[in-house]
Structures are given as C-alpha cells and as structure tokens.
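The lines below spell out each chain.
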Amino acid sequence: MTNQFFYYIFVIIIYLASFLFYVTCSHGLGHKAEYLQLRRFIPCAILAVLPMYLVNESLLSPQYLLSFLVGVSWITAYPLFYYLTYHKISSDFGFHLDTVFGLYIIGWLISLKLLVQAFNIFPTVTLSIISIMEYVLLALPLFQASYYLLYGTCVSTGAVTMIFETYTNEVIEYFKSMPLAVRLGTPILNIALLAGFFYFNLTSKASITAPLLPNLTIIIAVTLFLTYYLWNTKKGVFIRTGLIELVLDVKDYLEQTKSYKTNLAKRVANLNVTQTTPFCEKPATFILVIGESESRDYMSSFCDYPQDTTPWLKSKQTSENFLLYKNAYACKDQTVPALERAFTEVNQYNDKKFYESCSFVDIARKAGFKISWFSNQSHIGAADTAVTLVANTADTAEWTKLHLNQIQYDESLLGYLKQIDANENNFIVFHLKGNHFNFINRYPQDFAKFSKPDTYDLIPNYIDSIAYTDYVLQQIQEYAAKHLNLQAMVYFSDHATIPDKRRSPNFGGFATVRIPLFTYLADDYISKHPEVYSALKANRDKYWTNDLAYELICGILDIKSNHYDESNSLASTQYKYTKDMLMTDLGKLHIMDDIEK
C-alpha cells in the first residue's frame, strides 16, 4: 500500500468519514458551522497521513494502526455518547475539536515514532514512553465507553465531580462489589492493552531510506507545530475537547469552592448573632448527626416497613421529646452538593454562592458554642470538598483513621464523646458513614439481624446497616443526655439510595432523595423555648428539603441574625414552604411530582 494513489484515497476517506460523523453526532448546527468544519478538517486529515506518505511507509504498519486507533477513539467517544444521551433534549451541540484532536493526534504520534527510528534516539526507551502515552490516551475513550455501558449516559458534570471527591477507600469498596469477571477482567484487559502497545511499537520498524531523509525536515516541522497546537496549556486543542473541557470546568468550580477558606474572615466580620432566649442556663450540648444514604422508605419508624429496622427510634414515636418528619427530602442525590447547601445559607431557592455564605458553624460559634466535628467519612480526597472545608472551620475537627481497605464502623465515633468538656457549651457534629455502599461493610457481622453474616445480599445488608445506624444514634443520644446535658439533637441523611440499584451520577428517581429527619428536644429545652418547640411540632407534617437545614439549626438555637431567614426554618411559625414550592435535584424537579410516595 505504498502507491501514492492509496495515500490520497485514504486522506479523502478519513476526511469524509470524520466530517459525516461530526455532522451526524451534532445537533442544531447552522450551515455556517458545517461549512467551517468542512474546511477545517481538510488539513487535519492531511496531517494524519502526511508523515507516512513522506517516508513511504505502509498505512497498515502496526505502529500507524495503533496511533490511528487512538485518534479514532477520540474522534468518536465523547461526541457519540453525548449525542446518544442528549440528542432528544438538547437543542444544539457539537464537538468539532474532538475530531480535530483525533486526526492531529494520529499525525503527532506517528511522527514521533518515525523521528525516533530515523535518528535512532534511544528507540527502546523512547518508543516505550510513546506506548505508555498511547495507552493513556486510549484509556480515556475506553473509560467513557465503559461508563456509557454501565449507566446509559455520557460522562457528566456530576460524574466528574464524584471522581474528584471520591476517596480511595470508596473506590476499593466499589471495585470489590463488582462481579468477579469484572474484577479479574479489568486488570487483565489493561495489562494486555499496554503489552500490545509495547509489542507492536517495539517490534515494527520503519525503513526510512536515504533518498527520503530530506523529508524528515517536514516531519520535524509537523511535529513541532502539532506539539504546540495540541498541548498548549492556554488554547491547545486537548484542553478544548469535550471531556477535558468538562473536567477543567469541574476543577475550576472546586477551586472556587476552596476560596471558602479565604473568605472566612470577611463572612464572619459582618455576621451578627443574638440569642432570643439563652440556649440553657448551664453548660449544654447541641448535637447534629449527618447520615449517609439512608432512605426513610426502609425505616420502620417512618413507614410500615415489614421488618422493624429502627427499633429505638420507633419506640420514640409517641415521645414528646422526639419529633419525626416523614416528608423530608434531600436537595440532591449526591453527598457534596447536598451537604454544601445543608451546611450553609446556600439553597435551591436563592442565588447565594457557597464560598460567600455563612455556615451553621459560624452561627454556633457566634452564639457562644465550642464546635467539635467528628467524622467517619474520609478526610483526604482528590479535592477539598465543601464538607471538609466547613468541617475545618470547627474548633476541633477529627476524622477516624481510615486506612486503605480497612473497615471502620460508626460506633468508633462514640469514643469522641468522652473528649467533650461538659463544662462548656458544645455544638457537636457527627458525620456517619451510615448506609453508604457497600452496605455489608457498614456494620459488624455479629450485628446482622436480617442477613446472614458475611453474606453479600443487597437489601438485607442495607436494612442491617439501617438497624446499626439506629443503634449508633441511640448510643449518641443516651450518652450525651446523661453526661453532656444534651438539649437538642438533629438527625438527617445527606440523601437516600435504592439499595438494589447500581448508583448513578445522574438523578436516580425520588427514592434516592426520600430521607429521614428527626429532632430530639430535652424537657429543659422545651420549657425554655416553647415557641420553637411548638413550631417544630406544628410543622411535623410539612414538606422540607435538607438544603434548609442551616435555617432549621438556627431556629433551634433560637437566634436572630442578619444571615438567618426565619421563613426558611422548620423551627419557626413563619416557615413558608409547601409541597408545591419545594424542589430537588438542585432545582430541576418538583417534590410534588413524587407520585410514587
């Protein structure tokens, strides 16, 4: 296939195929955009073949075919899966730079290989490095394909955010939950893929004869041009492809979120907090417990579930001190976006920014409390999440020692209660691992009530984790009431889950946001704050989303503040929200559309 005619034909074929694919997998393009790409793809297709033409090498060379495979995967992956996901609901989109990158990366990679061999630049080492580069470049489209096959959607903002904010221990647990074939096949496939790149790049040799050596000057020029054009960190094509642009957008958002730290002094400087009624006449404690992935649909204290999954909380249903709210929802079915709103003034119903908003930690400190934060979630991730940023503003913030692949149960948090000084006003936050997948790892196996110990069975494991959470909540409440003058305790979950359905970064239905909410109020609190208690009791059947948790806490603390809107508080007679006003999925869906409930 060294005849010049075939090079020309191949250029025409990949040019037309690329353009037709681009037009097919785009939506709402105007004729101007189509004509622009019609011209733009011409040099791209030429440079994808030109290096092989200049040295008269076969287009069936294994070295070229590997580079070609990488390029085609970039041309097709993101545009195709985006089209399959959004073509029915999005009016216009197109990803011409994925095509540009795919075609140019073919020319860039094969040019590097040819130059290494022509000038004998440590070929074994250099070609091995290029092989690793090709493997990494191919891995990204393969990841997108796997993601689409798993979830039926293209990689989204939510998915990338979850990747940034997922802890190593969670990745290990998730991988261990996959079928054996996947756990064995994934590393084998990756090893085989990398070995293939090494083998074919190192064993195929380009034969560049003396008469063709002057053409290497052109290949050097092509390589230099493509290196700059593809990898320029400001306007390079790579950073403007669909997937990479998405990743960088999420990274920018997380960087903005981190400015929460630097804005702390500015936020607190104009924060005014006064207590309507002193919280308690003697040192007292307020406890907030944040659950993880707990659904009220599986809790016997909130519904007619066939098994008694929450015996302690169910026994408190008739107690005047415990108020259970059976119409509570999460504002999002993911931890970080839900809790960054629950912890601060930000909610679905205003336009405030996280990094500019006060948190309940700021409020409690101004109200005279010492804040302690104890978490069984991991502290170290790929990003400083909003949860960690708020936690780090506490006077004391501690995380259980989560070692890789080592299980820690929520009762490990109970020991922190003994560190609390009962002679101070304490605001304590417990962040549970709760009912996070993998459910069987959330409780000691000798605690199993509804499943067989050490037996993977999703729903029985899940309701066992709920029973264990009920036990942990009991231990927290009873110890604090006995030793720390507990006046108020609030519990809600970040979001819910459907235990026998694989979790997706996309909204999984209202069952993923039906969460539990309850408050405990001591007799002393009830007598000193009768209006707050009456409001909380009167609002028991009202609808609520957990992005209003900040105002709920402010209300129970019984404070007035320039950063507290009482009409958002379930603890106020001014609470304004009705079922038809409330939203979920960050304002995309109405709670009243939950017809399954």
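Residues numbered from 1 in each chain as written. Predicted model: local features only at pLDDT ≥ 70, side-chain atom pairs only at ≥ 80, totals over all residues. Heavy atoms only, no water.

Okay, the sheet that holds strand β7 (residues 426-431) next. By way of backbone hydrogen bonds, the strands of a sheet pair with one another, either parallel or antiparallel. In space, the seven strands of this open sheet follow the order β3-β9-β8-β2-β7-β5-β6, with mixed pairing throughout. The open sheet has two free edges, formed respectively by β3 (322-325) and β6 (396-399), since each of these has just one partner strand. Within the sheet, the average angular offset between the axes of one strand and its neighbour, ignoring direction, is 10°. Helix-sheet contacts for helix α16 (residues 458-483) involve β2 (285-291), β3, β7, β8 (486-493) and β9 (517-521), and the interaxial angle to β8 is about 165°. In this fold helix α19 (residues 549-556) packs onto β2, β7, β8 and β9, with an angle of close to 170° to the strand it touches most, β8. (Pairing = 2+ DSSP bridges. Helix = DSSP H or I, 4+ residues; strand = E, 2+ residues; numbered from the N terminus. Axes fitted to C-alpha atoms, helices over the stretch in contact; angles between N-to-C directions. Contact = heavy atoms within 4.5 Å.)

We now examine the environment of L552. With respect to the helices, strands and loops of the structure, L552 is situated in helix α19. Sequence spacing of L552 and F360 is 192 residues, and the spatial spacing of their C-alpha atoms is 9.7 Å. What L552 contacts, discounting residues up to four positions off in sequence, is V490, L517, L536, W544, S569, L570 and A571.

Counting residues in each nonpolar core, the largest one holds 71 residues, and the members touching the most others are F286, F360, W373, F427, W544, I556 and L557. Top contributing element to this core by residue count: α19, with six residues. (Core = buried A, V, L, I, M, F, W, Y, C linked by side-chain atoms within 4.5 Å. Buried < 20%, exposed > 50% of the residue type's maximum accessible area, 1.4 Å probe, protein only.)

Turning to the packing of helix α3 (residues 62-86) against helix α5 (residues 123-151), a few remarks are in order. Where α3 contacts α5, the axes come no closer than 9 Å and their chain directions differ by 25°. As the angle between them shows, α3 and α5 are arranged roughly parallel. The way α3 lies across α5 gives a crossing that is left-handed. On α5, the residues touching Q63, L66, S67, L69, V70, S73, W74, A77, Y78, F81, L84 and T85 of α3 are L127, E134, L137, L138, L140, P141, Q144, A145 and Y148. The residue makeup of the contact of α3 with α5, split by class, is 15 nonpolar, five polar and one charged. (Parallel < 35°, antiparallel > 145°, perpendicular 65-115°, else oblique. Left-handed = near helix turned anticlockwise from the far one by under 90°. Nonpolar A, V, L, I, M, F, W, Y, C, P; charged D, E, K, R; others polar.)

That's the geometry; what it means functionally is another story.
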